[in-house]
Amino acid sequence: MDGLAWQTAFVSGWAEIDQEHRGLLEMLQQLRLAILEGATFSQVKPQLLACATETERHFQHEETLMAAANHPLYLSHRAAHQNLLRDLSLVLENGQRHPENLTPETIETIGALVVRHIREEDLPMLSLLAHPEELAQQQAAELTAENVF
Ligand SMILES: [Fe+2]
């Protein structure tokens, strides 16, 4: 099974977000294919930069939705985004320094992190965003906990 393929298990119910996730995975698949077919770092650099830009734009989209809902996972989710963006920029930096080390596996590795983020962090976060009554309960529970401690 292709680890970068879109899966129905990734459907969150937020059509725009799902479309963005799908688009990011497709970009990574295209990058991997180009490298597999022999493209050099300088040849795929524009694709890598576009992927980083799209990822950042997508993360901002999620963060805007979360901020508007006063989502209780906002800070931890934003930190996860920052880690992923750092990992992506490391791929670019390493490619710049050691272009010969850019392999399809490099893209698989970053793709695996993106897929894990979608499954383990986006889906629970988006599910909570779709159920404002649960969101309100969590926020109330957090406020209560703050008063107790
Ligand atoms: Fe996310």
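Structure's up top.
The rules behind each value
Residues numbered from 1 in each chain as written. Predicted model: local features only at pLDDT ≥ 70, side-chain atom pairs only at ≥ 80, totals over all residues. Heavy atoms only, no water. Salt bridge = Lys/Arg side-chain N within 4 Å of Asp/Glu carboxyl O. Helix = DSSP H or I, 4+ residues; strand = E, 2+ residues; numbered from the N terminus. Buried < 20%, exposed > 50% of the residue type's maximum accessible area, 1.4 Å probe, protein only. Donors = N, O, S within 2.8 Å, 3.2 Å for Na, K, Ca; no water. Expected span 1.5 Å × (residues − 1). Contact = heavy atoms within 4.5 Å. Core = buried A, V, L, I, M, F, W, Y, C linked by side-chain atoms within 4.5 Å. Axes fitted to C-alpha atoms, helices over the stretch in contact; angles between N-to-C directions. Parallel < 35°, antiparallel > 145°, perpendicular 65-115°, else oblique. Nonpolar A, V, L, I, M, F, W, Y, C, P; charged D, E, K, R; others polar. Left-handed = near helix turned anticlockwise from the far one by under 90°.

Q: Looking at this structure, I do not really get the pattern of salt bridges. What am I missing?
A: Pairing between side chains of opposite charge can happen when their charged atoms approach one another. Enumeration according to the criterion identifies five salt bridges in this entry. Note that Arg32 is salt-bridged to Asp2, the shortest N-O span being 2.7 Å. Of the two residues, Arg32 is situated in helix α1 (residues 15-36) and Asp2 in the segment before α1; the sequence distance between them amounts to 30 residues. For Asp87, the salt bridge is made with Arg86, and the minimal N-O distance between the two is 3.9 Å. On the accessibility criterion, Asp87 (21% relative accessible area) is partly exposed. By sharing partners, the salt bridges in this structure join Asp2, Arg32 and Glu108 into a single network.

Q: Teacher, can you tell me more about the coordination of the iron ion here?
A: Tetrahedral coordination by four donors places them ideally at 109.5 degrees to one another around the metal; octahedral coordination by six donors ideally gives 90 or 180 degrees. Only Glu62 (OE), His77 (NE2), His81 (NE2), His117 (NE2) and Asp122 (OD) from the protein reach the iron ion as donors, at distances of 2.0 to 2.3 Å. Here the donor residues of the iron ion share one chain and are spaced in sequence as E-x14-H-x3-H-x35-H-x4-D. Taken together, the residues His81 in helix α3 (residues 74-97) and His117 in helix α4 (residues 104-130) connect sequence positions 36 residues apart. As far as the burial class goes, His81 and His117 line up, both buried.

Q: I tried to follow α3 on my own but got confused; where do I start?
A: Given 3.6 residues per turn, any residue in an α-helix points the same way as the ones three and four places further on. Taking 1.5 Å per residue as the helical rise, α3 with its 24 residues ought to reach 34 Å, and the 35 Å between its terminal C-alpha atoms agrees with that figure. Within α3 the residues assigned to the buried category are His77, Ala80, His81, Leu84, Leu88, Val91, Leu92 and Gly95. The inward-facing, buried residues of α3 abut α2 (41-68) and α4.

Q: What's the story with the nonpolar core in this structure? I'm lost.
A: Buried together is how nonpolar side chains tend to be arranged in soluble globular proteins. Counting 24 residues, the largest nonpolar core has Leu25, Leu28, Leu31, Val44, Leu48, Leu102 and Ile107 as its most contacted members. Elements that contribute at least two residues to this core include exactly α1, α2, α3 and α4. Here this core gets six residues from one element, more than from any other, and that element is α2. Aside from chain neighbours lying at most four places away, what touches Ile107 is Leu4, Leu28, Leu31, Arg32, Ile35, Leu48 and Leu102. With five residues, the next largest nonpolar core counts Ile17, Met66, Met125 and Leu129 among its residues.

Q: How do you make sense of unusual backbone geometry when you look at a structure like this?
A: Keep in mind that most residues, glycine aside, have a negative phi and that most peptide bonds are trans. Although it is not a glycine, Asn70 adopts a positive phi angle of roughly 50°. For Asn70, the position within the fold is in the loop between α2 and α3. The exposed category is assigned to Asn70, whose relative accessible area is 56%.

Q: Please explain the packing of α1 against α4 as it appears in this structure.
A: The relative placement of two packed helices is expressed as an angle between their axes plus a distance between the axes. Viewed as axis vectors pointing N to C, α1 and α4 meet at an angle of 170°, and their least axial separation amounts to 9 Å. It follows that α1 is roughly antiparallel to α4 by the angle criterion. Residues Ile17, His21, Leu25, Leu28, Leu31, Arg32, Ile35 and Leu36 of α1 form the contact with α4, whose own contacting residues are Pro104, Ile107, Glu108, Ile110, Gly111, Val114, Val115, Ile118, Asp122 and Leu126. For the contact of α1 with α4, the residue count by class is 13 nonpolar, two polar and three charged.

Q: Looking at this structure, I do not really get the packing of α1 against α2. What am I missing?
A: In contact at an axis separation of 10 Å, α1 and α2 are set at 165° when each is read in the N-to-C sense. With respect to their mutual orientation, α1 and α2 come out roughly antiparallel. The crossing of α1 and α2 is left-handed. Across from Glu16, Ile17, Glu20, His21, Leu24, Met27, Leu28, Gln30, Leu31, Ala34 and Ile35 in α1, the residues of α2 making contact are Val44, Gln47, Leu48, Ala50, Cys51, Glu54, Thr55, His58, His61, Glu62 and Leu65. Of the residues contributing to the contact of α1 with α2, the split by class is 12 nonpolar, six polar and four charged.

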